[in-house]
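# Analysis of the macromolecular model
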Amino acid sequence: MSVWEKSSAVRVVPSARPRKLAKVPFVELADGRLQGVVSSGSDIGRVYVSSVEAGTYAFACSTNNNRPCGGAHGWFCNHIRALVGEAVLQYGAERVARYLKVEVAAEEPDAQSLTDAMTATHPAQGDRSAAAQVFSRFLRHLAYLELPPVTAPLPEMQWFPTTRAVA
């Protein structure tokens, strides 16, 4: 086995560009979707869990207490557009387009061209059942922010083998 296979560390890909976390604090390419958490523009206590499925571009958007988004009726709401924009900042337009299987005519794709290409297919409204899992992962990430900075291993991560473990 290579050193990489034996190690417990996974390479972290740096952001394509720095992004502000106030509007979209959590974005990920996972489970065959672009998904994340988007802050409400009108209520500081409300967030939306939004997602776009790879290939079909089926979209879903609902509040953290599973109420449907008022703007996602047959088209991408502003939350989904913000999610796509932040995903492009986080991962780069090429990677997002590749993951979502979006064919963009522009030489230099950006968030707007990706969104335009997806909405041109008239995607259907998708299933909101994954929202709870996405929100749970977001809350888990927030919990790590509350921990004091230490170099000791985290108890819930101790099941990973050390980098010098013998197989």
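Structure's up top.
Residues numbered from 1 in each chain as written. Predicted model: local features only at pLDDT ≥ 70, side-chain atom pairs only at ≥ 80, totals over all residues. Heavy atoms only, no water.

### Some words on the pattern of salt bridges
The full count for this structure, using the stated rule, is four salt bridges. One salt bridge connects R46 with D43, and the closest N-O pair in it is separated by 3.6 Å. Judged by its relative accessible area of 31%, R46 is partly exposed. Residues participating in the shared-partner salt-bridge network are E28, D31, R33 and R137. (Salt bridge = Lys/Arg side-chain N within 4 Å of Asp/Glu carboxyl O. Buried < 20%, exposed > 50% of the residue type's maximum accessible area, 1.4 Å probe, protein only.)

### Regarding helix α2 (residues 78-91)
The end-to-end C-alpha separation of α2 is 20 Å, in line with the 20 Å expected for 14 residues at 1.5 Å each. Here α2 has its buried residues at H79, I80, A82, L83, V84, E86, A87, V88, L89 and Q90. As for α2, its buried residues are in contact with β1 (26-30), β2 (33-39), β3 (47-53), β4 (59-63), α3 (93-100) and α4 (111-119). Directly beyond the C-terminal end of α2, a positive phi value near 95° is found at G92. (Helix = DSSP H or I, 4+ residues; strand = E, 2+ residues; numbered from the N terminus. Expected span 1.5 Å × (residues − 1). Contact = heavy atoms within 4.5 Å.)

### Some words on a nonpolar patch on the surface
A surface patch of nonpolar side chains, about 290 Å² in accessible area, is lined by L139, L142 and L145. Mapped onto the elements of the fold, L145 is located in helix α5 (residues 131-145). Accessibility expressed as a relative area gives 67% for L145, which makes it exposed. (Patch = residues over 30% accessible without salt bridge, like charges linked within 9 Å, V, L, I, M, F, W, Y side chains within 5 Å. Areas by Shrake-Rupley, 256 points an atom, 1.4 Å probe, with all protein chains shown as cover.)

### As for the environment of G41
The topology assignment puts G41 in the loop between β2 and β3. Separated by 38 residues in sequence, G41 and H79 place their C-alpha atoms 9.3 Å apart.

### Looking at the pairing of β4
Counted residue by residue, β4 has five buried out of five residues, so it is predominantly covered. The alternating pattern of β4 places F59, C61 and T63 on one face and A60 and S62 on the opposite face, and all of these are buried. Note that β3 and β4 share five bridges and pair antiparallel. From the neighbouring strand, S51 faces β4, where its bridge partner is A60. The hairpin formed by β3 and β4 contains five residues between the paired strands, and G55 there has a positive phi angle of roughly 90°. (Pairing = 2+ DSSP bridges.)

### A word on α5
Taking 1.5 Å per residue, 15 residues should reach 21 Å; α5 reaches 22 Å between its end C-alpha atoms and fits that length. Taken together, the buried positions of α5 are occupied by A131, V134, F135 and F138. The buried residues of α5 all sit within an arc of 95° when viewed along its axis, so they share a single face. The inward-facing, buried residues of α5 abut β1, β2, β3 and β4. (Arc of directions from axis to C-beta.)

### A look at the sheet that holds β3
Taken together, four strands build an open sheet; the order of strands is β1-β2-β3-β4 and the sheet is antiparallel. Only two strands of the sheet have a single partner each, and these edge strands are β1 and β4. Averaged over all adjacent pairs, the angle separating strand axes in this sheet is 10°, with direction ignored. Two strands pair when backbone bridges link them, and β1 and β2 are joined in this way by five bridges, in the antiparallel orientation. Among the inter-strand pairings, E28 is bridged to a residue of β2, identified as Q35. Against the sheet, α2 contacts β1, β2, β3 and β4, and its axis sits at roughly 110° relative to β2. (Axes fitted to C-alpha atoms, helices over the stretch in contact; angles between N-to-C directions.)

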